[in-house]
Structure formats: structure tokens, C-alpha cells
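# Structural description and commentary
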Amino acid sequence: LFRSWQSVAGALATVGLATVWTIGLLAALSWPQNSVNQTIAPLVLVMALSDAIHFLSRYAQAREASAASTRVERAQAMIRAARDAGPPCLVTTLTTATGFASFATSSLESFLRFGLICAFGILGALILSFTILPLVMVLLPADKIRAAQASLMWNRVLQLLVEGTRRHAKYIVVISVALFAVLGFGAVQLRVDIDEYKLYGEESDVVKGFRFMEAHLQKPDSLELELSLPEGAELFHEEVLTALSKLSSSLAEIDGLGPVHSVVDTLAWTNRLLHSDDPAFNRLGNSTEENAELLTMLSLKDPAALDQWLSPDFRRLRISVEAEKRPQSERGEILAQVNAAIGRDVGPDWDPRVTGSFSVYYDMTREMQKTQVSSFGTAVVIVFAILAAYLFSLGGGLRSAVGWAAVGMFPTVLPVIATFGVMGYAGINLDMGTAMVAAILIGIAVDDTVHLLGEFYRRRQAGTPPVPAIEGAVLHVG
């Protein structure tokens, strides 16, 4: 786009160093890479270019205006470019960093680390764009001044855009509002869900491993129940073991769960061994005394057989249920049935606790949903405040700055609604990756608004009428 190898070299040096800084901080903090933060490098690499592009663009215009060719003249042109591009680039960097830093509101540590590291990378790129980049451009041999040639085509395109917008302004507003409504309805249908099979794809080795496990070994997920006995009850009491057997049967009948493993299986297996491995005795004892004897025998002869199912005092026990990989909505239904079975089969005096990867994954997805809401809300509020403060600093009253900031938030929020709307209509769920979309989009989408609205606002404060002000702003920053 710049048709200058010097500009390319300077921009790549800037974004390359910013990326190295970011990954270096990740390593210095001993934060491991995972499925969330492995996207940091390409994100920083791409977004770090924006400040460099704005600076190089203003630098080219400044060189052309003064016909700067010597090193001193180029340095002076860079100072003018930095004064012109610096304030809006600072604001856009702060808003983008805010989009990432808003993940600090998440209770999921991986999201928090991702947000903080990316915010650091974006801020580092701003610093490098106005320190290292000018230094590289001064040290490199001067390139030919081609700003007029390069901008001529862009100016024609932008002029056509401005004229078309002016002629059809009402239609554009109506269409934008209609799109907002239609896509907003699609966004309402968006679901937060994680389906490992869709996440990896049926052809991936991960899903093939799940399928093989299901067919030949056991179900690939696990639901774990920890139960504390009521006061006065003992594990070997007949009513206690009967309740556990009944609960195990209820859990095995739930679609998506089963088989069920617990101390009941161990006692039944021991009873069978004591009766010459007769399958008819693969059950609990006939009385409390028999079950107490079985339990005592096991604890003395093979305590390891009980360790995975009972606490040392026999007051807490574990039930392990094999489970299938299911989407979030189905996990919620299954967990509701599990809780209903616990309440029905063991009664209110027991102290149940549902855990295991099946339940933990469900809770994690719910936390992702909370992260989406909290980070998006935080980002919107802070980005609006930054935009209003920037416009206020350009002159004019506070009310005017806040009003124009509110106007600027519409084209900032619309891309988020549009993205979620398309995802909702296409049936694309919010998962570990797409849960970050809203807050990041807010921080990035506002960048163009900042540059355009800031330049327009500055021209209006200088007394330029609205239409020439917006035309000049588009041509200047477009």
C-alpha cells in the first residue's frame, strides 16, 4: 500500500518487537500457553500495525507538503506526523487495550491472563510506533516521496463514498437501523455452549479418540458425587446401602450417563468372592451385620480397595458415573435430573456435592457466559468515557463531547450486534474462543470512529460547516 520498502521494514520491525515483548512477558511470568492465549501472537501482530500505519501515512503527507528529503527535514516531518497522529492513536490504543483488559472481570484465570497480556502488547506497540519506528525511518535511506500518487486513488474512492453517503443519507440510516433490529434478533438466539465434537471436528484425532473410547473402553467423561452421611447413620446400615443402590440405579437410567461405580460394587464383588464366585451373590449382604462384616474384612485385608470410594472415617463416600460428551444445554438437563435423583433417593439429610469433569465443564461454560456479559459491559462504559474525554480535550463543552461520543458508539456497537446476529442465525455457539468476541470488537471497532470523529470534531470547533468538515475528515484519515 505504501509502495516503500522502508515503510514496510519500519512497520515490521515495530510489530515484530511488540510481539516479542508480549510473548516475552508471558514467559517471564511463567504463564503457560493454552487454548485461549495461544492466539496472542497473531492478534498483537495484526493490531500493532494500526498505529504504525497511521504514523507512516501522516509522515508521508508531511514529507510531501514540505518536500523533505534530508535527514533533518525527515526528522522534522516525523515530529509533525507524531503531533497529528499521536493523540488519536493514543486514544485508540487505550480503547483497544480496554477491550482486552475488561477480561480482568472474569473469574476464569486463562481469560484474565489473556486480557492483561494483550493489553500490554497493544500499549507496547503504541510506544514502539512513536519511538523505534521514527528512529528506523530516519536511519534507513530516504525513499521517494509518493504520497500524492498513493493518495490520489484513495481520495477518489473516498470522495465517491462521501458523495454517495450525502445523497442517500436517509436510506443509509434506515437500513442501518433495520439491520440493527434484524441482527439484534439473531443475537438474542445466540447460545453459550461447548461441544467438543464440533469444536475439534469429527476428523480430528481428539474426536476419533473420544469415539474409540466410547466404543471399546468407557464413556469419555465423568460425573462424580460426594455424599456425606446423615448424623447417626453408618455406612453398613441396610437403609444407607439400600439408598445408595437405589441412587446408583437412578443415575444409570439417565440418558447420557452410566455405568455407575461406588462402594456398593466393591462390597457386592467381595460378597461374590466369599461365595465361590457365584454370580447370584454379586450383591450386598442380606443384613446390616453381613454388610458390616464385608466392610470390616475389606478394610483389614485390602484397604486400597476402599480408598477411592470412602474417607478414612467412612463418613463421606464417592459415586463415580461414566458420562458422554454432551453440549451445554444437555449437560444442564442431565445435572438437573441428577440433583432430582439425589433428593428423591437419599433424602434431605445427606450432604451431596456434584463434581467431576462433566459438572466442572458445565460450570466453566456458565462462567464464560458471565465473562462475556461483564467484559462487554465494562468495555462499553470505559470506551464511551475515553471517547468523550478525548472529544472534550479537542475543545467545546462537556455536553457536546458526551453527545458526539454517544453518536460515535452506534457504529461501534453495531459490528458487535451484527457479528452476534450472524452467529445466532448460523447456529454458531459462544465457546472458549468466540466468548471473547464482544469485548475485543468494542475496543477495535471504535478505532475508526475515534480517528474520523476526532478530526470532524476538531474541524467543527474551528468553524467549518458540517458537510465540508466531514468530507475533510474522511479524506484526511480515511
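Thresholds, definitions, all that
- Residues numbered from 1 in each chain as written.
- Predicted model: local features only at pLDDT ≥ 70, side-chain atom pairs only at ≥ 80, totals over all residues.
- Heavy atoms only, no water.
- Patch = residues over 30% accessible without salt bridge, like charges linked within 9 Å, V, L, I, M, F, W, Y side chains within 5 Å.
- Areas by Shrake-Rupley, 256 points an atom, 1.4 Å probe, with all protein chains shown as cover.
- Salt bridge = Lys/Arg side-chain N within 4 Å of Asp/Glu carboxyl O.
- Lys, Arg positive; Asp, Glu negative; His and termini not counted.
- Charge placed at Lys NZ, Arg CZ, Asp CG, Glu CD.
- Helix = DSSP H or I, 4+ residues; strand = E, 2+ residues; numbered from the N terminus.
- Buried < 20%, exposed > 50% of the residue type's maximum accessible area, 1.4 Å probe, protein only.
- Core = buried A, V, L, I, M, F, W, Y, C linked by side-chain atoms within 4.5 Å.
- Contact = heavy atoms within 4.5 Å.
- Phe/Tyr/Trp six-rings, centres within 6.5 Å; stacked < 30°, edge-to-face > 60°.

Together, Glu238, Glu239, Glu289, Glu290 and Glu293 make up a negatively charged patch on the protein surface. Among the secondary structure elements, those contributing two or more residues to the negative patch are helix H11 (238–252) and helix H13 (288–301). Among the elements that line the negative patch, the one with the most residues is H13, at three residues. Relative to the assigned elements, Glu293 resides in helix H13. Of the residues examined, Glu293 reaches a relative accessible area of 53% and is grouped as exposed.

What follows is about the nonpolar core. Counting residues in each nonpolar core, the largest one holds 49 residues, and the members touching the most others are Phe100, Phe103, Phe114, Leu391, Phe420 and Met436. Take this core: its biggest share by element is ten residues, from helix H18 (residues 437–461). When near neighbours in sequence (up to four residues on either side) are disregarded, Phe114 contacts Val36, Asn37, Thr39, Ile40, Leu43, Phe100, Phe103, Met436 and Ile440. Grouped together as the second largest cluster of nonpolar side chains are 39 residues, Leu247, Trp309, Val321 and Ala323 included.

Right, let's talk about the packing of aromatic side chains for a bit. Enumeration according to the criterion identifies seven aromatic pairs in this entry. Relative to Phe130, the ring of Phe55 lies with its centre 5.5 Å away and its plane at 75°, an arrangement referred to as edge-to-face. Of this pair, Phe55 sits in helix H3 (residues 49–66) while Phe130 sits in the loop between helix H5 (109–129) and helix H6 (132–139), placing them 75 residues apart in sequence. Plain terms: the ring middles of Trp404 and Phe456 are 5.3 Å apart, the flat faces sit at 70° to each other, and that makes the pair edge-to-face. On the criterion of sequence distance, the pair formed by Trp404 in helix H17 (residues 398–426) and Phe456 in helix H18 is long-range, its members being 52 residues apart.

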